[in-house]
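# Coordinate analysis (summary)
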Amino acid sequence: MKLLSSKIKDKVLESMMKIIDRERANIIKENQKDLEAFNRDDQALYDRLVVNEAKVDGMIQAIKEVKEQEDPVGKEISDITLDSGLKITNRTAPFGTIMIIYESRPDVTIEAAVLAFKANNKILLKGGKEAINSNLILEKCWHEALEENDLSKDWIKLLHLKREETQEFLRNPTEKLDLIVPRGSERLIKFVKDHATCAVLISGRGNNFLYVAEDADWEKTVKVIVNAKTDKISGCNALDKVLIDKNIPNYETKLKELQEVMKKVNVDILVDNKVGKTLSNEDKIPNEDIWYEEFLALKILLAEVDGLDQAIEMINKYSGGHSASILTEDKEKAAKFMEQIDSAAVYHNASTRFTDGGQMGVGAELAISTDKLHHRGPLGLKQLVTNKYYVFGDGHIRE
């Protein structure tokens, strides 16, 4: 696709905000069809599927935020002139075509596409069948906004492919694909990685950990754990595992207090054998696999550790590399934890729920990347470009 001016792209986004606002009742109506057909056994997936007035407002706000950001394309990264007189400039450039594969969340059809489009990429959207009605009307809104500004509908397309057809498309794409971003379960991510033939940027699972050091402020600790676990159970930044230092003062009393607080907010508790000696009425960990699991539910695992080093070792072994937090009043201890934990975001005395583009000052995000190439953490507008070298000579040849 050709390079578009910032003015044209922003006009499309302006049109899109007006169209979504005008169509909000119809968008919610189409979403209701998806909700009625959905099996509510998976509460986290159901929560992600819901589109209400607040979600529509969120879509419009996401577009507004992206529109107000500076165009990331064509920005100078470096500019040097060699002794030979050769001038070399490195600038940001679009990826080309980005395919986004996602489950349940219709708002991705807006928030992911608006970022990729502003970065001058063509977008192929592959939503889940559970959100088909919601996605179809949102695609229609996109196409109206594009055509209103004399642009082809091909800039943003919803792919109508079954699982087997998607698999074949990934293996043998019928058009050029430059990047694939899967958003969803580990099963979806594995499916894409197994079949794709181009670059895949992993938006990984959560399975986030929090370590309570022996000197942690207990009032802060309880407050942070409750927020990180219950604020949004469907979020990939939700808390799943809490490692409690066995050397904290009044260890057993505090364990029982945490148990009582968790019960009040309807969180089910799993315990390891050591915590189980104090919280004997809670279910024990059935097997090691549970340590690797992202719960996406009102469920938390409480375990005992003996010191910072053991906590770091366990988190690096089991976590999804997304977010991890330490509760401590010791800045040196916090620094060691934050330097040695291998996660996209590390926290000191704060909830993991802040791993979010809007909360971290990035703005609207395409995903939270747990990859180390090409970018790690929230994928905002500035991260949705690659780079290109412009080399200027005057008959230069290499000898």
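Scroll up for the structure.
Let us look at the structure shown here. On a predicted model such as this, the values are computed, not experimentally measured, just so you know.

What follows covers the sheet that holds strand β3 (residues 97-102). Strand order in the open sheet made by the 4 strands is β5-β4-β3-β6, with parallel pairing throughout. Edge positions in the sheet fall to β5 (156-158) and β6 (179-183), since each has one partner strand and no second. Across this sheet, the average inter-strand angle for adjacent strands is 15°, counted without regard to direction. Of the strand pairs in this sheet, β3 and β6 are connected by 5 bridges, and their pairing is parallel. Counted as the bridge partner of Ile-98 is Leu-179 from β6. The strands that helix α6 (residues 132-148) touches are β3 and β5; relative to β5, the one it contacts most, it runs at about 160°. Along the sheet, helix α8 (residues 186-195) makes contact with β3 and β6, crossing β6 at roughly 160°.

In this structure, the second largest pocket spans a volume of roughly 170 Å³. What lines the second largest pocket is a set of 13 residues, and nearest its centre among them are Leu-3, Val-73, Ala-93, Pro-94 and Lys-388. Those elements that place two or more of their residues in the lining of the second largest pocket are β2 (87-94) and β16 (385-392). In terms of residues, the lining of the second largest pocket owes the most to one element, β2, which gives 4 residues. Across the lining of the second largest pocket, the residue classes break down as 7 nonpolar, 4 polar and 2 charged.

This part takes up the packing of helix α2 (residues 24-37) against α6. Packing of α2 against α6 leaves a shortest axis separation of 7 Å and a crossing angle of 155°. Considered as vectors, α2 and α6 are oriented roughly antiparallel to each other. On α6, the residues touching Asn-26, Ile-27, Glu-30, Asn-31, Lys-33 and Asp-34 of α2 are Ile-132, Asn-133, Ser-134, Ile-137, Leu-138 and Cys-141. Broken down by class, the residue content of the contact of α2 with α6 amounts to 5 nonpolar, 4 polar and 3 charged.

Attention now goes to the side chain of Arg-353. Structurally, Arg-353 can be placed in the loop between β13 (345-348) and β14 (368-369). Under the relative-accessibility criterion, Arg-353 is labelled buried at 17%.

Cut-offs used in this document
Residues numbered from 1 in each chain as written. Predicted model: local features only at pLDDT ≥ 70, side-chain atom pairs only at ≥ 80, totals over all residues. Heavy atoms only, no water. Pairing = 2+ DSSP bridges. Helix = DSSP H or I, 4+ residues; strand = E, 2+ residues; numbered from the N terminus. Axes fitted to C-alpha atoms, helices over the stretch in contact; angles between N-to-C directions. Contact = heavy atoms within 4.5 Å. 1 Å grid on protein atoms, 1.4 Å probe; cavity = no way out; pocket = protein on both sides within 12 Å on 5 of 7 lines; lining within 4 Å. Points joined across faces, edges and corners; volume = space filled by probe spheres on them. Nonpolar A, V, L, I, M, F, W, Y, C, P; charged D, E, K, R; others polar. Parallel < 35°, antiparallel > 145°, perpendicular 65-115°, else oblique. Buried < 20%, exposed > 50% of the residue type's maximum accessible area, 1.4 Å probe, protein only.

Read these as geometric descriptors, not functional statements.
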